[in-house]
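Summary of structural features
Listed here are the chains, written in short residue letters.
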Amino acid sequence: MSFSSEVKNELCRVSMQRACCTRAEAYGALLHASVFSHREIRLSTENAVVARRLQALLQRAFFVECEPQRQGRKYQIVLDQSAQIGRIFDALGYDRKSHVTYHLNRNELEEACCLASFLRGAFLMAGTVAGPEKKSHLEMKSGHQSLAGEEMSLMLDLGLSPKLAHRGGSCLLYFKDSASVEDFLTRIGAPHAAMALMEAKVEKNLRNTINRQVNCETANLVKTADAAARQIAAIRTVLDTHGEEAFPENLRETVRLRLAYPTDTLAELAQRFDPPISKPGLSHRLKKITEFASKED
Ligand SMILES: [Zn+2]
């Protein structure tokens, strides 16, 4: 199942207790119907759960009885009786004879609770959202520029800031940053889906951080090992040709310890001196040794 379907299934479980919100949700869905006119209302969806939700919304909000019909991959709800359409138009404040229905009648959405419900209905019909494994993206499509503009201002009222784009003949309202996607889903009634996105993001960040640390530590280890290998090679060159006596007295302990503990870091090796010496002190001596070796070479 796609993540969008999971989100929609979660949205379809939101209770229909408040009459104002039930009507607002139905309204959001109707404005994204394939046909919403005074002659016909046609809602279509590929999601069976959404089809049942639409049926219940129309029944509860407008006392309109209908049955979703399966057509290929889609489920359709078609209303063509003027009495049914009239009830819906009256309830939403539309003129029964008017053709212009694809605009948002804000009088119907006075309560703050209803704004989110309206967007839920709209998202059920026209929304998609990328899953946790993908880049953040949520969009809502509308065939009507004016509607997209009105929905945008409605989202702004809720503190959400979508972007607007055009694709083909459609307008898209979309969010690309994960925080806005999560916020939107939470607001319209899918907090579990929002949480899934959030957890995936946290996990990904954590993985990246760990990878960075491991890379960094590996790089340091390689650097230490390289330096030690160079020092040891230099020492061996001198020892092989001239023996330990070739080294000045004050460097001999360093020579012995470096050979005895080839994998030690500077800090570890410095501690092995009796008494221990400082890291810069050791570094200085090792530098002297390599310089001395290159001269002897
Ligand atoms: Zn409400």
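Residues numbered from 1 in each chain as written. Predicted model: local features only at pLDDT ≥ 70, side-chain atom pairs only at ≥ 80, totals over all residues. Heavy atoms only, no water.

Attention shifts here to the sheet that holds strand 2 (residues 41-45). Here we have four strands laid out as an open sheet, ordered 1-2-4-3, and antiparallel in their pairing. At either end of the open sheet lies a strand with only one pairing partner, and these are strand 1 (35-36) and strand 3 (69-71). Pairing between strand 1 and strand 2: two bridges, direction antiparallel. Note that in strand 2 the partner of Phe 36 across the bridge is Ile 41. The sheet contacts of helix 3 (residues 48-62) involve strand 2 and strand 4 (74-79), and relative to strand 4 the element is tilted by about 20 degrees. (Pairing = 2+ DSSP bridges. Helix = DSSP H or I, 4+ residues; strand = E, 2+ residues; numbered from the N terminus. Contact = heavy atoms within 4.5 Å. Axes fitted to C-alpha atoms, helices over the stretch in contact; angles between N-to-C directions.)

On the secondary structure map, Met 152 appears in helix 6 (residues 145-157). For the pair Met 152 and Glu 182, spaced 30 residues apart in sequence, the C-alpha to C-alpha distance is 17 Å. If near-sequence neighbours (up to four positions away) are discounted, Met 152 is found in contact with Pro 162, Leu 164 and Leu 173.

It is worth spelling out the layout of surface pockets at this point. The volume enclosed by the largest pocket comes to roughly 630 Å³. Considering the residues around the largest pocket, the lining is formed by 25 residues, among which His 32, Ser 44, Met 125, Ala 126 and Gly 127 are closest to the centre. Class assignment for the residues of the lining of the largest pocket results in seven nonpolar, 13 polar and five charged. By volume, the second largest pocket amounts to about 270 Å³. Lining the second largest pocket are 15 residues, with Ala 227, Gln 231, Leu 266, Ser 283 and Leu 286 positioned closest to its centre. (1 Å grid on protein atoms, 1.4 Å probe; cavity = no way out; pocket = protein on both sides within 12 Å on 5 of 7 lines; lining within 4 Å. Points joined across faces, edges and corners; volume = space filled by probe spheres on them. Nonpolar A, V, L, I, M, F, W, Y, C, P; charged D, E, K, R; others polar.)

The next subject is the pairing of strand 2. Of all five residues in strand 2, four are buried, a share of seventy percent or more. Between strand 1 and strand 2, which follow one another and run antiparallel, lie four residues. (Buried < 20%, exposed > 50% of the residue type's maximum accessible area, 1.4 Å probe, protein only.)

Turning our eyes to something else, we now look at the packing of aromatic side chains. Across all of its chains, the model carries eight aromatic pairs by this definition. Seen from their ring centres, Tyr 27 and Tyr 94 are 6.1 Å apart, and the 70 degrees between their planes marks the pair as edge-to-face. You can see Tyr 27 sitting in helix 2 (residues 19-30) and its partner Tyr 94 sitting in the loop between helix 4 (82-92) and helix 5 (112-126), a full 67 residues away along the chain. Overall, the relative accessible area of 0% leaves Tyr 27 in the buried class. Looking at Tyr 94, the relative accessible area reads 8%, which means it is buried. (Phe/Tyr/Trp six-rings, centres within 6.5 Å; stacked < 30°, edge-to-face > 60°.)

A separate point is the confidence of the model for the protein chain. As a general rule, the predicted coordinates of low-pLDDT regions are not to be interpreted in detail. Mean pLDDT over the protein chain stands at 91; residues scoring 70 or higher make up 98%. Per-element confidence in the protein chain ranges from a low mean pLDDT of 87 for helix 11 (residues 279-296) to a high of 97 for strand 5 (residues 127-129). (pLDDT = per-residue confidence, 0-100.)

Okay, the pattern of salt bridges next. For the coordinates displayed, the defined rule picks out 15 salt bridges. Note that Arg 52 and Glu 67 form a salt bridge whose closest N and O atoms lie 3.2 Å from each other. Highlighted residues: Arg 52 in helix 3 and Glu 67 in the loop between helix 3 and strand 3, separated in sequence by 15 residues. The class for Arg 52 is partly exposed, based on a relative accessible area of 47%. You can call Glu 67 partly exposed: its relative accessible area is 43%. A salt bridge links Arg 106 to Asp 157; its shortest N-O distance comes to 2.7 Å. In this pair, Arg 106 sits in the loop between helix 4 and helix 5 while Asp 157 sits in helix 6, placing the two residues 51 residues apart along the sequence. Classification of Arg 106 as partly exposed rests on a relative accessible area of 32%. Note on Asp 157: relative accessible area 52%, which makes it exposed. (Salt bridge = Lys/Arg side-chain N within 4 Å of Asp/Glu carboxyl O.)

With that settled, consider the domain arrangement of the protein chain. According to the domain assignment, the protein chain consists of domain 1 (3-189) and domain 2 (215-296). For domain 1 and domain 2, the distance between their C-alpha centroids amounts to 73 Å. (Domains from an automatic or database assignment.)

With that settled, consider the coordination of the zinc ion. For the zinc ion, the full set of protein donor atoms is Cys 20 (SG), Cys 21 (SG), Cys 113 (SG) and Cys 114 (SG), at a range of 2.3 to 2.4 Å. For the zinc ion, the four donor atoms are set out with angles of 97 to 126 degrees between them, so the coordination reads as tetrahedral. Counting residues between consecutive donors of the zinc ion along the chain gives the motif C-C-x91-C-C. Of the two residues, Cys 21 sits in helix 2 while Cys 114 sits in helix 5, which places them 93 residues apart along the sequence. On the basis of relative accessible area, Cys 114 is assigned to the buried category, the value being 2%. (Donors = N, O, S within 2.8 Å, 3.2 Å for Na, K, Ca; no water. Tetrahedral: all angles 85-135°; square planar, octahedral: opposite > 155°, others 65-115°.)

This part is about helix 2. Owing to its 3.6 residues per turn, the α-helix aligns residues three or four sequence positions apart on the same side. Here helix 2 is twelve residues long and its end C-alpha atoms lie 16 Å apart, about the 16 Å a rise of 1.5 Å per residue gives. Across the twelve residues that make up helix 2, a large majority, nine, are buried. Inspection of helix 2 places Cys 21, Thr 22, Ala 24, Glu 25, Ala 26, Tyr 27, Gly 28, Ala 29 and Leu 30 among the buried residues, and these make up the whole buried set. Tucked inside the fold, the buried residues of helix 2 contact strand 1, strand 2, helix 3, helix 4 and helix 5. (Expected span 1.5 Å × (residues − 1).)

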